[in-house]
Amino acid sequence: MTKQASAANIRHWLETINTYNSTPGAGTTRVLFTKPEVEARQYVKDEMRKLGLAVKEDGIGNIFGILPGRRPELPPVWTGSHIDTVLHAGMFDGMSGVVAGLEAVRLIREAGAAFERSIVVVVYTSEEPTRFELGCLGSRALAGKLSLADACKLVDKEGRSLPEVLAELGYDLARFAEIPIRPGAVYGAVELHIDQTGVLERAGKTVGIVKTICAPTNFDIEVTGCQSHAGGTSMEERRDAYAASCEIGLALEKLARESDSEYTTATIGRVEVCPNAVNVIPGKVKFSIDIRDCDFDAKERLVAKLKAAIAVIEEKRGVQVSLTEYNNDQPMHCNTAMMAKIEAACHRRGISYQKVISGAFHDSMLVGEFAPVAMIFVPSKNGISHSAEEWTEFADIAAGTDVLMDTLLAMANE
Ligand code: GLV
Ligand code: MN
Ligand code: MN
Ligand code: MN
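Criteria and thresholds
- Residues numbered from 1 in each chain as written.
- Chains lettered and ligands numbered in written order.
- Predicted model: local features only at pLDDT ≥ 70, side-chain atom pairs only at ≥ 80, totals over all residues.
- UniProt positions renumbered as here; feature names shortened; annotations may be inferred.
- Helix = DSSP H or I, 4+ residues; strand = E, 2+ residues; numbered from the N terminus.
- Rg over C-alpha atoms; globule rule 2.2 N^0.38 Å.
- Buried ≥ 20, exposed ≤ 12 C-beta atoms within 10 Å, placed from the backbone.
- Contact = placed C-beta atoms within 7 Å.
- Domains from an automatic or database assignment.
- Axes fitted to C-alpha atoms, helices over the stretch in contact; angles between N-to-C directions.
- Parallel < 35°, antiparallel > 145°, perpendicular 65-115°, else oblique.
- Left-handed = near helix turned anticlockwise from the far one by under 90°.

- Going by the annotation in an unreviewed UniProt entry, the name recorded for the protein chain is N-carbamoyl-L-amino-acid hydrolase, with Propionispora vibrioides given as the source organism.
- The record in UniProt for the protein chain states the following under Subunit (unreviewed entry): "Homodimer."

In structure tokens, the structure reads:
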């Protein structure tokens, strides 16, 4: 099919979704099941219906917009991403993939193209770990890796659990057990996403074909020292939980920099210092650790070294450190046959591309547990994402959408 995606449509949808925002003037914040997020869900469902899609929602709020194929009994082809954001984010991360899916099905319908398998645009619930500290909640549940019992352990800052929030919004918790998808029930899933690195921009390529998605391992760390007087406690006597935390942070950074895997990253993104006062030595510090890699074993080796470094710091500084690992995801390799279809579409359309690794995680990381997956990246300006500065050209998303549409049609006709 030679139809071309409309950058104007893509822009309109992205800008409209972007109006659902808790922090206007300070980037976009659309946290799971807050008012703007619920309203954005409604908007997307309405747009799906306008495009002639049948809309369904499962027990965790994953949204499915279905364009039936000639043989709807066959395993369908999926595309889609997420519409929730981190705090003070941009308007492209996640939303681009949803909007590309909408534009692709609009064009497929308009062209009257024949296809056998149904094509489904999916909005996955809470890819971002903003509210419950764990990401990919919807795709995790689809993969059978988030049961109702697991969900009960996810509690937000206000002390509300995920099932509590779901029930309040009218989701039927009795349907939670029906969420997982049987392997083989989905033919394949293609997700378009922004690059979130400077790789494509530097290379001057329009499309990235993802080979592997790096996966996170997450810890909650609690460092306990001794709360005491900032002036009265000598440097020798003090057991400063913050200074110990800094040392752990630097040890982690060094281990990640020296890792034998090229794609290791390590981040401490949330820190709480207690009591957080000018003249008090912190007695307790809590912080998060996020370690990513596309090599699971390299990640495990790094964690073992980190634990050894922490033991030394505990001894030296007279502090106690507790590490709670609450997530340890497996990197996901994209399906080579689907990657080849994306590559063929790039050739056919004369769109430049290169193969890339995704340092960010995506719903495809979990969807890959039950279906073959592939990802189409489009360039991020200056490599910035998870920031109000995030930018991608609408024309680049349109080019990625052309590739997406060709790939979906090719798969839907197999
Ligand atoms: C989610 O966007 C992540 O990769 O952290
Ligand atoms: Mn993100
Ligand atoms: Mn994303
Ligand atoms: Mn992400």
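Observations concerning the overall build of the protein chain
Now for step 1: The secondary structure content of the protein chain amounts to 12 helices and 16 strands.
Now for step 2: Radius of gyration (C-alpha) of the protein chain: 23 Å, near the 22 Å computed for a compact globule of 414 residues.
Now for step 3: Expressed as a percentage of the 414 residues in the protein chain, the buried residues total 49%.
Now for step 4: In the protein chain, once contacts between residues fewer than 6 apart in sequence are set aside, the share between residues at least 24 apart is 79%.

A look at the UniProt feature "binding site: Zn(2+) 2" (unreviewed entry) in the protein chain
Now for step 1: Taking the UniProt record as the reference, the feature "binding site: Zn(2+) 2" (unreviewed entry) is found at Asp93, Glu128 and His386. Taking the farthest pair of C-alpha atoms as the criterion, the annotated set spanning 294 residues converges on one region, since that pair is 10.1 Å apart.
Now for step 2: Looking at the element boundaries, Asp93 is found in the loop between strand S3 (77-81) and helix H3 (95-111).
Now for step 3: Apart from residues lying up to four places away in sequence, Asp93 is in contact with Thr85, Ile194, Gln196, Ser385, His386 and Glu390.
Now for step 4: Summarising the element assignment, Glu128 is placed in the loop between strand S4 (119-123) and helix H4 (137-142).
Now for step 5: Setting aside residues no more than four positions away along its own chain, Glu128 makes contact with Asp84, Thr85, Val86 and Gly135.

Here we look at the domain arrangement of the protein chain
Now for step 1: Assigned domains within the protein chain: domain 1 (7-214 + 332-412) and domain 2 (215-328).
Now for step 2: On a C-alpha basis, the centres of domain 1 and domain 2 stand 33 Å from each other.
Now for step 3: Every contact between the two is made by 9 residues of domain 1 and, on the other side, 9 residues of domain 2.

Remarks on the environment of Ala410
Now for step 1: Position of Ala410 among the secondary structure elements: in helix H12 (residues 394-412).
Now for step 2: Assessed through the 18 C-beta atoms surrounding it within 10 Å, Ala410 is described here as partly exposed.
Now for step 3: Each C-alpha atom of the pair Ala410 and Val77 lies 10.0 Å from the other, and the pair is 333 residues apart in sequence.

Things to note about the packing of helix H1 (residues 7-18) against H12
Helix-helix packing is described using two parameters, namely the angle between the two axes and the distance between the axes.
Now for step 1: Where H1 contacts H12, the axes come no closer than 8 Å and their chain directions differ by 110°. As judged from the angle between their axes, H1 and H12 are roughly perpendicular. Between H1 and H12 lies a crossing of right-handed hand. Residues Ala7, Ile10 and Arg11 of H1 form the contact with H12, whose participating residues are Phe394, Ala395, Ile397, Ala398 and Thr401.

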